[in-house]
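One letter stands for each residue in the lines below.
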Amino acid sequence: MGAKILIIISASPDSSLGFFQKLTEARAIENTVYVVWVNLVGIYDGVGFAGGSRIVSPLGKIVAECRLMDDDVKVAEIDLEEVGYARLVRPTLRDSVKEDVEALLDAYLIFGGKSV
């Protein structure tokens, strides 16, 4: 719908850090947007949060990344023109069709959202 930046406010525990690092890159590429992932850092109610906030370009390049396990702030310049370029050379969503997405959802629901 024309978005160029996706901002994700997150409280992902340490154990999920690698998973979310991969997801930020995947979401940037598949949606051809900048992803700004802002993650909590510290220990809260006995649960550790690693930080590691990051900005990922529409083609999956890490533009900026904060330190792990420590408060950190980064400022980065982004080029919104890169979004248009990425959509031209890597048109992931444009190449998707509604029927494919519906078939994936149907297959997921058949198994009740459980892995097989």
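Calculation notes
- Residues numbered from 1 in each chain as written.
- Predicted model: local features only at pLDDT ≥ 70, side-chain atom pairs only at ≥ 80, totals over all residues.
- Heavy atoms only, no water.
- Helix = DSSP H or I, 4+ residues; strand = E, 2+ residues; numbered from the N terminus.
- Buried < 20%, exposed > 50% of the residue type's maximum accessible area, 1.4 Å probe, protein only.
- Contact = heavy atoms within 4.5 Å.
- Areas by Shrake-Rupley, 256 points an atom, 1.4 Å probe, with all protein chains shown as cover.
- Lys, Arg positive; Asp, Glu negative; His and termini not counted.
- Charge placed at Lys NZ, Arg CZ, Asp CG, Glu CD.
- Pairing = 2+ DSSP bridges.
- Phe/Tyr/Trp six-rings, centres within 6.5 Å; stacked < 30°, edge-to-face > 60°.
- Salt bridge = Lys/Arg side-chain N within 4 Å of Asp/Glu carboxyl O.
- Patch = residues over 30% accessible without salt bridge, like charges linked within 9 Å, V, L, I, M, F, W, Y side chains within 5 Å.

1. Notes on the overall build of the chain
Per the secondary structure count, the chain includes three helices and six strands. Taken from the N to the C terminus, the helices and strands of the chain come in the order β-α-β-β-β-β-β-α-α. Dimensions of the chain, computed from C-alpha atoms along their principal axes, come out at roughly 45 × 40 × 20 Å. Classification of the 116 residues of the chain by burial places 26% in the buried group. Put simply, of all contacts in the chain between residues at least 6 apart along the chain, 57% involve residues at least 24 apart. Only carbon and sulfur atoms are counted for the fraction: they give 60% of the accessible area of the chain, which is about 8000 Å². Seen as two clouds, the 12 positive and the 17 negative side-chain charges of the chain have centres 3 Å apart.

2. Observations regarding the pairing of strand β3 (residues 41-44)
Of the pairings in the sheet, the one linking β3 to strand β4 (residues 47-50) comprises four bridges and is antiparallel in character. Directly across from Tyr 44, in β4, lies its bridge partner Val 47.

3. Focus: the packing of aromatic side chains
Under the counting rule described, the total for this entry stands at three aromatic pairs. When the ring of Phe 19 is compared with that of Phe 20, the centres are 5.4 Å apart and the planes differ by 90 degrees; the resulting orientation is edge-to-face. Owing to a relative accessible area of 53%, Phe 19 belongs among the exposed residues under this scheme. Of the aromatic side chains, those joined through ring pairs into one cluster are Phe 19, Phe 20 and Trp 37.

4. Some thoughts on the pattern of salt bridges
Scanning all chains against the criterion turns up seven salt bridges. Between Asp 72 and Lys 74 there is a salt bridge, and its shortest N-O distance comes to 3.8 Å. Bridged by salt links that share partners, the residues Arg 67, Asp 70, Asp 72 and Lys 74 form one connected network.

5. Some words on unusual backbone geometry
With the exception of glycine, the majority of residues adopt a negative phi angle, and the majority of peptide bonds are in the trans configuration. One non-glycine residue, Thr 32, lies in positive phi territory at about 40 degrees. Here Thr 32 shows up in the loop between α1 (17-31) and β2 (34-39).

6. Details of a nonpolar patch on the surface
Among the surface-exposed residues, Ile 5, Ile 7, Ile 9, Val 38, Val 63, Ile 78 and Leu 80 lie close enough to one another that they form a single nonpolar patch of about 570 Å² accessible area. Top contributing element to the nonpolar patch by residue count: strand β1 (residues 5-10), with three residues. You can see Ile 7 is positioned in strand β1. A residue is classified by how much of its surface remains accessible, and Ile 7, at 57% relative accessible area, is exposed.

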